[in-house]
Amino acid sequence: MYGQVMLAEDKNKPQDNKPKDYVLVLGVESSCDETAASVVRRTQDGKVSVLSSLVASQDEIHTPYGGVVPELAARAHMQKIESMMAQAVKQSGIKWTNLHAIAATSGPGLIGGVITGLMAAKGLSVSLSIPLIAVNHLEGHALSPRLTDDCPFPYLLLLVSGGHTQLLSVKGVGEFTRLGSTVDDAAGETFDKTAKIMGLGFPGGPAVEKMARKGDPNAVKLPRPFFGKPHADFSFSGLKTATMRAFESLGTTSNKDKANLAASFQKTVCDILCDRTKYAMDMFKRSNKGPYRFVVAGGVAANASIRSGLENLCADKGFTLIAPPLKYCGDMVP
Ligand code: KG4
Ligand code: ZN
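Predicted model, so just to flag it, every value in this text is computed and none were measured.

What about the sheet that holds strand 4 (residues 101-107)?
Then comes step 1: With mixed pairing, 5 strands are arranged side by side in an open sheet as 3-2-1-4-5. If you trace the sheet from one side to the other, it starts and ends with strand 3 (48-57) and strand 5 (132-136), each paired once. Taking each pair of neighbouring strands and ignoring which way they run, the sheet shows an average axis angle of 20°.
Then comes step 2: Relative to strand 4, strand 1 (residues 22-29) runs parallel, the two sharing 4 bridges. Residue pairing for strand 4: Val28 is matched across the bridge by Ala104.

Let's talk about the environment of Val55
Then comes step 1: Structurally, the position occupied by Val55 is in strand 3.
Then comes step 2: For the pair Val55 and Arg178, spaced 123 residues apart in sequence, the C-alpha separation works out to 29 Å.

Examining the pairing of strand 7 (residues 165-172)
Then comes step 1: In terms of burial, strand 7 is a largely internal element, 7 of the 8 residues being buried.
Then comes step 2: Bridging between strand 6 (residues 155-160) and strand 7 involves 6 bridges; their strand directions are antiparallel. Residue pairing for strand 7: Leu156 is matched across the bridge by Ser169.
Then comes step 3: Between strand 7 and strand 8 (residues 175-181), which follow one another and run antiparallel, lie 2 residues, and Gly174 among them has a positive phi close to 80°.

A closer look at the domain arrangement of the protein
Then comes step 1: We note that the domain assignment places domain 1 (22-146) and domain 2 (149-328) within the protein.
Then comes step 2: Taken together, the 19 residues of domain 1 in the interface contact 22 residues of domain 2.
Then comes step 3: Here domain 1 and domain 2 share an interface that buries about 1,600 Å² over both sides, 65% of which is from carbon and sulfur atoms.
Then comes step 4: If you look at where domain 1 meets domain 2, you find 0 salt bridges.
Then comes step 5: The tally of links from domain 1 across to domain 2 stands at 4 residue pairs in polar contact (both at pLDDT 80 or more).
Then comes step 6: Looking at the side of domain 1 that touches domain 2, the elements with two or more residues in it are strand 3, helix 1 (59-62), helix 4 (137-143) and helix 5 (145-148).
Then comes step 7: Looking at the side of domain 1 that touches domain 2, the element that brings in the most residues is helix 4, giving 5 residues.
Then comes step 8: Across the side of domain 1 that touches domain 2, the residue classes tally to 8 nonpolar, 7 polar and 4 charged.

Examining the packing of helix 6 (residues 187-197) against helix 8 (residues 237-249)
Then comes step 1: Running from N to C, helix 6 and helix 8 point in directions that differ by 15°, and their axes come no closer than 10 Å. Overall, the two elements helix 6 and helix 8 adopt an arrangement that is roughly parallel. As helix 6 packs across helix 8, the resulting crossing turns out to be right-handed. Of the residues in helix 8, those touching helix 6 at Glu189, Thr190, Lys193, Thr194 and Ile197 are Lys240, Thr243, Met244 and Phe247.
Then comes step 2: The residue makeup of the contact of helix 6 with helix 8, split by class, is 3 nonpolar, 3 polar and 3 charged.

Conventions and cut-offs
- Each chain carries its own residue numbering, running from 1 in the direction its sequence is written.
- Here chains are named by letter from A upward and ligands by number from 1 upward, in the order in which they appear as written.
- Owing to the predicted nature of the model, reporting of local features is limited to residues with pLDDT of at least 70; listing and counting of side-chain atom pairs is limited to 80 or more, with chain, interface and lining totals taken over all residues.
- The side-chain quantities take in all heavy atoms of the structure and omit both hydrogens and water.
- A pair of strands is labelled paired if DSSP reports no fewer than 2 bridges between them.
- Note on conventions: DSSP H or I runs of at least 4 residues are helices, E runs of at least 2 residues are strands, and numbering of each starts at the N terminus.
- Axis geometry follows a simple rule: fit a line to the C-alpha atoms, using only the stretch in contact for helices, then measure angles between N-to-C directions, giving values from 0 to 180 degrees.
- Working definition: with a 1.4 Å probe on protein chains only, accessible area under 20% of the residue-type maximum means buried, over 50% means exposed, and in between means partly exposed.
- Domain start and end points were adopted from an automatic or database domain assignment.
- Contacts: residue pairs with any heavy atoms within 4.5 Å of one another.
- Buried area, as used here, totals the accessible surface that two parts lose on assembly, with accessibility defined by a 1.4 Å probe and the loss added over both.
- The salt bridge criterion pairs a side-chain nitrogen of Lys or Arg with a carboxyl oxygen of Asp or Glu, the two atoms within 4 Å.
- A 3.5 Å cut-off defines polar contacts: any pair of N or O atoms within that distance qualifies, except that in protein one atom must be a possible hydrogen donor and the other a possible acceptor, and neighbouring residues in sequence count only when both atoms are side-chain atoms.
- Think of it as three bins: nonpolar holds Ala, Val, Leu, Ile, Met, Phe, Trp, Tyr, Cys and Pro, charged holds Asp, Glu, Lys and Arg, and polar takes everything else, Gly as well.
- Just so you know how the angles are binned, under 35 degrees is roughly parallel, over 145 roughly antiparallel, 65 to 115 roughly perpendicular, and the rest oblique.
- Left-handed describes a crossing in which the near helix is turned anticlockwise from the far one by less than a right angle; the clockwise case is right-handed.

Written out as structure tokens, the structure reads:
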């Protein structure tokens, strides 16, 4: 998103008394169940500093339903958005009038939440007479490693979130080639459903991971759709159904049974992600020169066992793994 902001020395920009060697941007994100606001400064040499970063979670609101309820999410965003933006500006130590632009998620996401954040940002941009930058949610994830890591283009990206599972070749800001994508459910959604079926709580990913620590990953055999196939697409719906059937067939479940199923499920997702990524790495190598970089982003990237599987894969295939800090690679509160 930063590439689209005019620097103050741009010839076409009206002259003003704003600083000339950096841009200050207020970012707003409200696409699912967290309201976030942050002020970042980007200097001309491309270095970015996060001056403030606030995330308000709605977990308490959605937990009783075992998933995000869109209407409740939109209402909660509406109640929070103004104070989050004000706090982000205050904590960054700048004034409203120092801002050069406002960036807001413009989708994909839950429409009620997206509209709330985008309209609040739009109103502010009009009142401050500064540009509004509409940011694609997935592009935000795709570029997140560049906030903290030396991550030049091009790189291979695995985006694994609650709504998406994709392998992208990232060549620049706004320049992506999709190498593979899920044909049905996203990996995060599969974690969330598995947690719901097993009564582990919400959000599902961290709950399954916690339970899996006490289990045997080889206890239950589960399907690995597309495994070994010569393309980089994913499929998770069969795994979701098989996990549900496996849980039902246990009858009355002990914690040991639950832990074994959670561990087997997690290992299966990890195997699928690594197998499809392996194929995408070969595709990436065919059209790019080294050194090769691989970035994993999105909420599921928080999973330690998945990260470690991808670490081993990178070592095998000659890629450097870049895993942005958890607080920047998902939408959630770290
Ligand atoms: O990127 P994200 O924060 O939001 C979007 O979906 O865009 O991803 C949220 C997803 C949820 O499905 C959540 O269950 C999953 O990431 N997740 C995890 C873990 N932490 C979050 N999945 C597996 N293991 C985790 N530790
Ligand atoms: Zn996301």
